[in-house]
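# What the coordinates show
Now for the letters of each chain:
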Amino acid sequence: MGRPYTYKVSDLQEYYKKVKKRGEGEIMQDVFVRDDVFPWIDHLSRWVKERAEFKLHKAGGAGFEVARLPERLSTAMTDRVSAILQKPIKMRYSFLRLSTLDIDVTMRIHTDTGMRADYACLVYLSDAPEDRAFDELYGTAFWRHEKYGKSWTLPNEKAHFINIDKKEHDRLITDDSQDPSKWKMDSFVSVKKNRMLIYPTSIFHSRYPWKGWGKDQTDGRTIWMMFFDKEKSNE
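An account of the accompanying structure is given in this report.

The rules behind these values
Starting from 1, residues in each chain are numbered consecutively following that chain's sequence as written. Whole-chain, interface and lining totals are the exception, using all residues; otherwise, since this is a predicted model, local features are given only for residues with pLDDT of at least 70 and side-chain atom pairs are given and counted only at 80 or more. Think of the side-chain values as coming from all heavy atoms in the structure, minus any hydrogens and water. Summary of the burial criterion: residues with accessible area below 20% of their type's maximum are buried, those above 50% are exposed, and those between are partly exposed, where the area comes from a 1.4 Å probe applied to protein chains only. The way it works is that DSSP assigns letters per residue, a run of H or I at least four long becomes a helix, a run of E at least two long becomes a strand, and they are numbered from the N terminus. Working definition: the arc comes from the directions between the helix axis and the C-beta atoms, pointing outward to the latter. Contacts are residue-level and defined by heavy atoms, with any inter-residue pair within 4.5 Å sufficient. For this analysis, a polar contact is any N or O atom pair within 3.5 Å, provided that within protein one partner can donate a hydrogen and the other can accept it, and provided that sequence-adjacent residues contribute only side-chain to side-chain pairs. Between rings of Phe, Tyr and Trp, where Trp is taken as its six-membered ring, a pair exists when centres lie within 6.5 Å; planes separated by under 30 degrees are stacked, by over 60 edge-to-face, and by other angles tilted.

All of the buried residues in helix α4 (residues 166-174) are Glu168, His169 and Leu172. Burial along α4 is one-sided: seen end-on, the buried residues are contained in an arc of 100 degrees. If you follow the buried residues of α4, they end up packed against β6 (139-145).

Shown next, in the form of structure tokens:
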């Protein structure tokens, strides 16, 4: 499926201004952005290019190229996010994702509520291609649905994916997710190597543009994903 439209740089700069950095430890309502999060990012990027074993994983009717990480790296991610938020967190999943010009190329606006976690954390492991079109940016877009707004609200925050209207949610991410007329971009964060994004799993988002770049893990779009909850206070 081809990309139905492209936002110009001038438009995306206005959207980017809406991305707010929350104070440490606050409840996050928007997207939290932090640059230069890992001093050893170049070593990790080299390991991903040379040694990561990406395999096809199917979920929600779509296929994704994912790879596991050594446990010490998942622990490092957990510790870094906890330090940034100044609160302990509980990691639920941590893995790598790959997209290229031929792998994982659909529009697919979605939420991450199916991961049964409160928050998602994304770290870009590669910069955007230098030969991209002058009027085009690469990154992660956050969207507003014509009916549901910018998030899929859960009736019970402790229930996660289990007790929501699963049939309607599945229809939304299967049908509406492929229809650009149902959506308006709410905010946008551009790709930058070693940039971290933290956002609630309930908000609608997608890779943007729909395709990645390159042909494989040596030159494609690679990201590090983690899903987590904040540890509940005993107070």
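Attention now moves to the environment of Ser82. On the secondary structure map, Ser82 appears in helix α3 (residues 71-85). On a C-alpha basis, the gap between Ser82 and Glu231 in space is 9.9 Å, while along the polypeptide they are 149 residues apart. The residues touching Ser82, leaving out its near neighbours within four places in the chain, are Lys87, Pro88 and Ile89. Polar contacts involving the side chain of Ser82 include one to the main-chain carbonyl oxygen of Lys87, which spans 2.8 Å.

Tallied over the entire structure, the rule returns twelve aromatic pairs. Ring centres of Tyr138 and Trp213 lie 5.2 Å apart, and the angle between their planes is 90 degrees; this geometry places the pair in the edge-to-face category. With a gap of 75 residues between them, Tyr138 in the loop between β5 (119-124) and β6 and Trp213 in the loop between β9 (205-208) and β10 (221-230) connect regions that are remote in the sequence. Each of the two residues, Tyr138 as well as Trp213, counts as buried. Put simply, the rings of Trp143, Phe188, Tyr208 and Trp210 pair up and form one aromatic cluster.

Note that the residue after Tyr208, namely Pro209, is joined by a cis bond; omega there is -5 degrees. With a phi close to 75 degrees, Asn194 is a non-glycine residue in the positive phi region. Residue position: Asn194 is located in the loop between β7 (183-190) and β8 (196-200). For Asn194, a relative accessible area of 6% translates into the label buried.

What is shown is where atoms sit, not what they do.
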